[in-house]
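# A look at the structure
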Amino acid sequence: MLFPEANLTLVVDNLDSNLKYNLDTLANIHHYIRDKGKIEGLFAKSELDKDFRNGFWHLSIERFFALSDYHKTTPNESLLHFESDLLIFPNFPFSEISLHKNLIWCKYNQSRDVGSLYFSPNFQESNWLCSEIFDRINRNPHHTDMTILNE
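Here we summarise the structure given alongside this text.

Basis of the calculations
- Residues numbered from 1 in each chain as written.
- Predicted model: local features only at pLDDT ≥ 70, side-chain atom pairs only at ≥ 80, totals over all residues.
- Heavy atoms only, no water.
- Helix = DSSP H or I, 4+ residues; strand = E, 2+ residues; numbered from the N terminus.
- Buried < 20%, exposed > 50% of the residue type's maximum accessible area, 1.4 Å probe, protein only.
- Contact = heavy atoms within 4.5 Å.
- Lys, Arg positive; Asp, Glu negative; His and termini not counted.
- Charge placed at Lys NZ, Arg CZ, Asp CG, Glu CD.
- Axes fitted to C-alpha atoms, helices over the stretch in contact; angles between N-to-C directions.
- Parallel < 35°, antiparallel > 145°, perpendicular 65-115°, else oblique.
- Left-handed = near helix turned anticlockwise from the far one by under 90°.
- Nonpolar A, V, L, I, M, F, W, Y, C, P; charged D, E, K, R; others polar.
- Salt bridge = Lys/Arg side-chain N within 4 Å of Asp/Glu carboxyl O.
- Core = buried A, V, L, I, M, F, W, Y, C linked by side-chain atoms within 4.5 Å.
- Polar contact = N/O pair within 3.5 Å; in protein donor to acceptor, adjacent residues only side chain to side chain.
- Pairing = 2+ DSSP bridges.

In terms of helices and strands, the protein chain carries six helices and five strands. Each helix and strand of the protein chain, ordered N terminal to C terminal, gives the series β-α-β-α-α-β-α-β-β-α-α. Principal-axis analysis of the C-alpha atoms places the extent of the protein chain at approximately 45 × 35 × 30 Å. Expressed as a percentage of its 151 residues, the buried residues of the protein chain come to 38%. A fraction of 54% describes how many contacts in the protein chain between residues 6 or more apart in sequence connect residues 24 or more apart. Looking at charge distribution, the protein chain has the averaged site of its 14 positive side-chain charges lying 4 Å from that of its 21 negative ones.

Written as structure tokens, this is what we have:
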């Protein structure tokens, strides 16, 4: 394992027993259970294309709710999320990122940011971001996670 000191947690919405068995030695597993009323109510207001890449826009937004759900189990610890297709090299600045006291993510362009790498110093910040996501989608049903992060 490239980062043996890292405490890895895989957040899943489908707790497959084969997955759990195969990953138990590599990572903790957190089972995210969607609050159907809350999430479906939010997405009912959304004007995003629900069929695009099997619900890509809704899933990319919901990941922040899943991360916050996990983060409430370790509220005073920081959380660093990587999308599964990111390549992390041995010189990744883990220690520098962990010093931050605010939320961090990446800039994409002038009007969009991206959550492929996302840092939250504590649950309070993760929960705040989820509240902002709700508020902004309620005000603008065309918002994506990228436009909300940019704001």
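What follows is about the packing of helix 3 (residues 56-71) against helix 5 (residues 123-139). For the pair helix 3 and helix 5, interaxial distance at closest approach is 9 Å and the crossing angle is 150 degrees. By the criterion of interaxial angle, the relationship of helix 3 to helix 5 is roughly antiparallel. Along this stretch, helix 3 crosses helix 5, giving a crossing that reads as left-handed. Only Phe-123, Ser-126, Asn-127, Leu-129, Cys-130, Ile-133, Phe-134 and Ile-137 of helix 5 make contact with helix 3, whose side of the interface consists of Ile-61, Phe-64, Phe-65, Ser-68 and His-71. Here the contact of helix 3 with helix 5 is composed, by residue class, of nine nonpolar, four polar and no charged.

What follows concerns unusual backbone geometry. Excluding glycine, residues mostly have negative phi values, and the peptide bonds linking residues are mostly trans. Positive phi outside glycine occurs at Arg-53, with the angle close to 45 degrees. Residue position: Arg-53 is located in the loop between helix 2 (36-45) and helix 3. Using a relative accessible area of 57% as the deciding quantity, one classes Arg-53 as exposed. The backbone of Asn-54 sits at a positive phi, close to 55 degrees, despite the residue not being glycine.

This part takes up the pattern of salt bridges. The full count for this structure, using the stated rule, is eight salt bridges. Put simply, Arg-63 and Asp-145 hold a salt bridge, and the shortest N to O gap is 2.9 Å. Residue Arg-63 is found in helix 3, and its partner Asp-145 is found in helix 6 (residues 145-150); the two are separated by 82 residues along the sequence. We classify Arg-63 as buried; its relative accessible area is 13%.

Let us now look at the nonpolar core. In this structure, Ile-61, Phe-65, Tyr-118, Leu-129 and Ile-133 are the most contacted members of the largest nonpolar core, which totals 24 residues. The dominant element in this core, judged by the number of residues it contributes, is helix 3, at seven residues. Those residues in contact with Leu-129, other than ones at most four positions away along the chain, are Phe-64, Leu-103, Trp-105, Tyr-118 and Leu-149. One finds Phe-3, Ile-88, Ile-97 and Ile-104 within the second-largest nonpolar core, a separate group that totals seven residues.

Summarising the element assignment, Thr-144 is placed in the loop between helix 5 and helix 6. For Thr-144, a relative accessible area of 9% translates into the label buried. In terms of polar contacts, Thr-144 uses its side chain to reach the backbone amide nitrogen of Met-146, at 3.2 Å.

Ordered by their spatial adjacency, three strands build an open sheet running 3-5-4, and the pairing between neighbours is antiparallel. Every other strand in the sheet has two partners, leaving strand 3 (79-82) and strand 4 (104-107) as the edge strands with one partner each. Going from strand to strand, the sheet's axes swing by 25 degrees on average, the running direction of each strand aside. Pairing of strand 3 with strand 5 (residues 113-120), which is carried by four bridges, proceeds in the antiparallel orientation. Considered in strand 5, the bridge of His-81 is made with Tyr-118. Here helix 3 sits on the sheet and contacts strand 3 and strand 5; the angle it forms with strand 5, its principal contact strand, is near 5 degrees.

Nothing here speaks to function; it is all geometry.
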